[in-house]
Amino acid sequence: MKHLRTIDCLNAEEAILGSSPAEAAAMLRGGGELRAHLDACAACRTLARDLAALGSVPPPVEPPADVCARAIAGAAIELRRVRREARRAVLRAAMRVALVAAIGVPLPLAWAVSVWRYGAVWLAPLLPQPLLVFLGGAFALACLAGLSALAFTLTLIAGAAARPPRAPAWS
Ligand SMILES: [Zn+2]
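A quick note: this is a predicted structure, and the numbers were derived from the prediction, not measured.

A. Quick look at the nonpolar core. Residues Ala12, Ile16, Ala24, Met27, Leu38, Cys44, Ala48, Leu51 and Ala52 constitute the largest nonpolar core, which totals nine residues. Residue assignment for this core shows that the elements contributing at least two residues are α1 (7-17), α2 (21-29) and α4 (42-54). Ranked by the residues each element gives to this core, the list is headed by α4, at four residues. In this structure, Ala48 is in contact with Ile16, Ala24, Met27, Leu28 and Leu38, ignoring residues within four places of it in sequence.

B. Structural context of the packing of α1 against α4. Orientation of α1 relative to α4, taken along the N-to-C sense of each, is 0°, at an axis distance of 10 Å. Considering their axes alone, α1 and α4 lie roughly parallel with respect to each other. Here Cys9, Ala12, Glu13 and Ile16 of α1 lie close against α4, whose contacting residues are Ala43, Cys44, Leu47, Ala48 and Leu51. Taken together, the residues of the contact of α1 with α4 sort by class into eight nonpolar, no polar and one charged.

C. A look at the domain arrangement of the protein chain. Partitioning the protein chain into domains gives domain 1 (7-54) and domain 2 (92-161). A separation of 99 Å is found between the C-alpha centroids of domain 1 and domain 2.

Here is what the cut-offs are and how they apply
Residues numbered from 1 in each chain as written. Predicted model: local features only at pLDDT ≥ 70, side-chain atom pairs only at ≥ 80, totals over all residues. Core = buried A, V, L, I, M, F, W, Y, C linked by C-beta atoms within 7 Å. Buried ≥ 20, exposed ≤ 12 C-beta atoms within 10 Å, placed from the backbone. Helix = DSSP H or I, 4+ residues; strand = E, 2+ residues; numbered from the N terminus. Contact = placed C-beta atoms within 7 Å. Axes fitted to C-alpha atoms, helices over the stretch in contact; angles between N-to-C directions. Parallel < 35°, antiparallel > 145°, perpendicular 65-115°, else oblique. Nonpolar A, V, L, I, M, F, W, Y, C, P; charged D, E, K, R; others polar. Domains from an automatic or database assignment.

Here it is, written out as structure tokens:
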């Protein structure tokens, strides 16, 4: 048979819900009318027990005081490592570019200058002067374009080499 809540139940609930866990525990131990109702009524007894049980719940756990400090210190170490790697990457890129430039620029430049000078000397008896000047200018422009392409390539190499290091896995 279903338990019917009586006016006693309403009074008991009001008394239980208005009390602290310690008071609820005292109700379960004490005497009087309320205790008699709790003995007879499973629903109100359960309510009083649940409330009394809250008194034995341990207080929330505080994290150790140095958790934040340790996390910040760890992040600082990681940040220093990433910065160090970034500096190294830039240095490596600069060295690579310097190496390519040291090899790649003087040789073509010397070749272009010699072609320009000796070409003019050799072609002077064969070609009229205006055509010679035009060819010299065209060759100078072509060399300039070649040097620009070389500088562009060096910039690309530097950019590829100086990519920042991969982000650390935080998981
Ligand atoms: Zn009751």
